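Next come the chains, spelled out residue by residue.
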Amino acid sequence: MIRSIVRGVGTALPRRIMKNAEFETLVDTTDEWIVQRTGIRQRHVAAEDETTASLGEAAARAALANAGLTPADIDMIVLATSTPNNTFPATAVEIQERLGMRHGFAFDMQAVCSGFVYAVTAADSHIRSGLARRVLVIGAETFSRILDWSDRTTCVLFGDGAGAVVMEAQEQPGLNTDRGVLTSHLRSDGRHKSKLYVDGGPSSTQTTGHLRMEGREVFKHAVGMITDVIRDAFAATGYTADDLDWFVPHQANRRIIDASAHKLGIDPAKVIITVDRHGNTSAASIPLALCAAIADGRIKRGDLVMLEAMGGGFTWGAALVRM
Ligand code: UT7
């Protein structure tokens, strides 16, 4: 059967690093509070000339180079983002243009922090159905642009960045030992809209708006939703937590990650953590974490990796991938 394998990965981060201490001069907070409650020590913040499109393009170019491919080899781009350059056209199409692609198609995927898992699933569906052979899956965000920098309950949590993977159709035996996406599971539930949303938009306020979050409420739901959808992925494949080589969760809060891994019985040594360096980069956090662990030699070809995310909507999802 046709499987979607990961052929290359790449990332891009804004030049400017903002450490927790900087927030002590902006709002009533401390480095100690931020580290204790979230695990975040620093995040990257985009300058004016760094946008979702430019970061996404840079991550895409890095992933293509890593795969030994050029834009000519790609037939589809899916960009997971909640911070597009414009309301329309899709920022994915802008990235397509920046890459010099005059063929294929590109679109944005809006599932907030779950965007990358949604985008991987969309890419996998296109590949397995024969609609695409090689797909650039990008997660790119500039959440710094939609933060209320006077709200200490949200502004300390997020960062900017981009990560990308090249996914490619490959014939595999059709077994659980195959390379590629083995299963993915997506969920959403709009009843939770008011717990995490942006208070603006073209059709409602004609403004961009700012991120609003009832953090404690999101936290309360996060661990249960994450562990449920991962159990769905285990049930679909027969694998268990012990079979995983690596757990690459969305990086929102160290405590959520630790609690989810603990509840699932995943060995803490198998958990990839980048929230300390990047903060919560929404749809970019999983490819940023994946790429970091590939670059430092932890994640290797053949490893069984669980990707997972939960975010605004609520949306949540998990994808089990053999590298
Ligand atoms: O990626 C999408 C999904 N998003 C998430 O997963 C985020 C989920 N939520 C969280 O990560 C956590 O709820 C937060 C990190 C946002 C907050 O941690 P918490 O342990 O849930 O704290 P809390 O909201 O219960 O607030 C505890 C206290 C409050 O003061 P009182 O009411 O106890 O007096 C807050 O006002 O901490 C206060 N507080 C702060 N203090 C210093 C809130 N933000 C700050 C701050 N610095 N930046």
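What counts, and where the lines are drawn
Residues numbered from 1 in each chain as written. Predicted model: local features only at pLDDT ≥ 70, side-chain atom pairs only at ≥ 80, totals over all residues. Heavy atoms only, no water. Core = buried A, V, L, I, M, F, W, Y, C linked by side-chain atoms within 4.5 Å. Buried < 20%, exposed > 50% of the residue type's maximum accessible area, 1.4 Å probe, protein only. Helix = DSSP H or I, 4+ residues; strand = E, 2+ residues; numbered from the N terminus. Domains from an automatic or database assignment. Near = heavy atom within 4 Å. Polar contact = N/O pair within 3.5 Å; in protein donor to acceptor, adjacent residues only side chain to side chain. Areas by Shrake-Rupley, 256 points an atom, 1.4 Å probe, with all protein chains shown as cover. Pairing = 2+ DSSP bridges. Axes fitted to C-alpha atoms, helices over the stretch in contact; angles between N-to-C directions. Contact = heavy atoms within 4.5 Å. Salt bridge = Lys/Arg side-chain N within 4 Å of Asp/Glu carboxyl O. Buried area = accessible area lost by both parts, 1.4 Å probe. Nonpolar A, V, L, I, M, F, W, Y, C, P; charged D, E, K, R; others polar.

Engineer: Got a minute to help me understand the nonpolar core in this structure?
Structural biologist: Most often, soluble globular proteins keep nonpolar side chains buried together rather than apart. In this structure, I230, I266, M306 and M310 are the most contacted members of the largest nonpolar core, which totals 46 residues. Among the elements of the structure, α7 (215-237), α8 (254-264), β12 (304-311) and β13 (315-322) are those that each provide at least two residues to this core. Broken down by element, the residue count for this core peaks at nine residues, all from α7. Counting residues domain by domain, this core receives three or more from each of domain 1 (2-171) and domain 2 (180-322).

Engineer: Please clarify how the site of the ligand should be interpreted in this entry.
Structural biologist: Around the ligand lies a shell of 24 residues, among which T29, R37, R216, N253 and N280 are the nearest. Contact between the ligand and G215: a nitrogen atom at 3.0 Å from a main-chain N or O atom of the residue. For the ligand, an oxygen atom lies 2.7 Å from a polar atom in the side chain of N280. Bound to the protein, the ligand loses 77% of the 950 Å² it would expose on its own. When contributions to the shell around the ligand are tallied by element, the ones reaching two or more residues are α2 (31-38), α6 (152-155), α7, α8 and β12. Here the element with the most residues in the shell around the ligand is α7; it accounts for four residues. When we break the shell around the ligand down by domain, the ones giving at least three residues each are domain 1 (2-171) and domain 2 (180-322).

Engineer: Sorry if this is basic, but what is going on with the sheet that holds β12 here?
Structural biologist: In sheet architecture, strand pairing relies on hydrogen bonds along the backbone and comes in two forms, parallel and antiparallel. If you walk across this open sheet you meet the four strands as β8-β13-β12-β11, and the pairing is mixed. Looking at which strands have only one partner, the edges of the open sheet turn out to be β8 (180-188) and β11 (246-249). Here the strands of the sheet are splayed against their neighbours by 10° on average, with no regard to which way each runs. Examined bridge by bridge, β8 and β13 share eight bridges and lie antiparallel to one another. Along β13, the bridge assignment pairs L186 with G317. Each of β8, β12 and β13 touches helix α5 (residues 115-128); the most contacted strand, β8, lies at about 125° to it.

Engineer: Sorry if this is basic, but what is going on with the pattern of salt bridges here?
Structural biologist: When charged atoms on two side chains of opposite charge get close, those side chains can pair. For the coordinates displayed, the defined rule picks out 18 salt bridges. Linking E50 and R15 is a salt bridge whose minimum nitrogen-to-oxygen distance equals 3.3 Å. On the criterion of sequence distance, the pair formed by E50 in the loop between β3 (42-45) and α3 (52-67) and R15 in the loop between β1 (2-12) and β2 (16-19) is long-range, its members being 35 residues apart. As a salt-bridge pair, R212 and D148 come within 3.0 Å of each other at their nearest N and O atoms. In this pair, R212 is assigned in strand β10 (residues 211-213) and D148 in the loop between β6 (134-142) and α6, connecting sequence segments 64 residues apart. Residue classification places D148 among the buried residues on the basis of a relative accessible area of 17%. Within the structure, one salt-bridge network assembled from shared partners comprises E57, R61, E94 and R98.

Engineer: What exactly am I supposed to notice about the domain arrangement of the chain here?
Structural biologist: Think of interface size as the accessible area that goes away when the parts come together; that is how it is often given. Split by domain assignment, the chain resolves into domain 1 (2-171) and domain 2 (180-322). Taken over C-alpha atoms, the centre of domain 1 sits 14 Å from the centre of domain 2. At the interface, 50 residues of domain 1 touch 47 residues of domain 2. Summed over both sides, the interface between domain 1 and domain 2 buries roughly 3700 Å², with carbon and sulfur atoms accounting for 67% of that surface. Counting every contact that joins domain 1 to domain 2 gives one salt bridge. Viewed at the interface, domain 2 and domain 1 are joined by 21 residue pairs in polar contact (both at pLDDT 80 or more). Put simply, the parts of the chain that give the side of domain 1 that touches domain 2 at least two residues each are β1, α2, β3, α5, β6 and β7 (160-171). A breakdown of the residues in the side of domain 1 that touches domain 2 according to their chemical character gives 23 nonpolar, 18 polar and nine charged.

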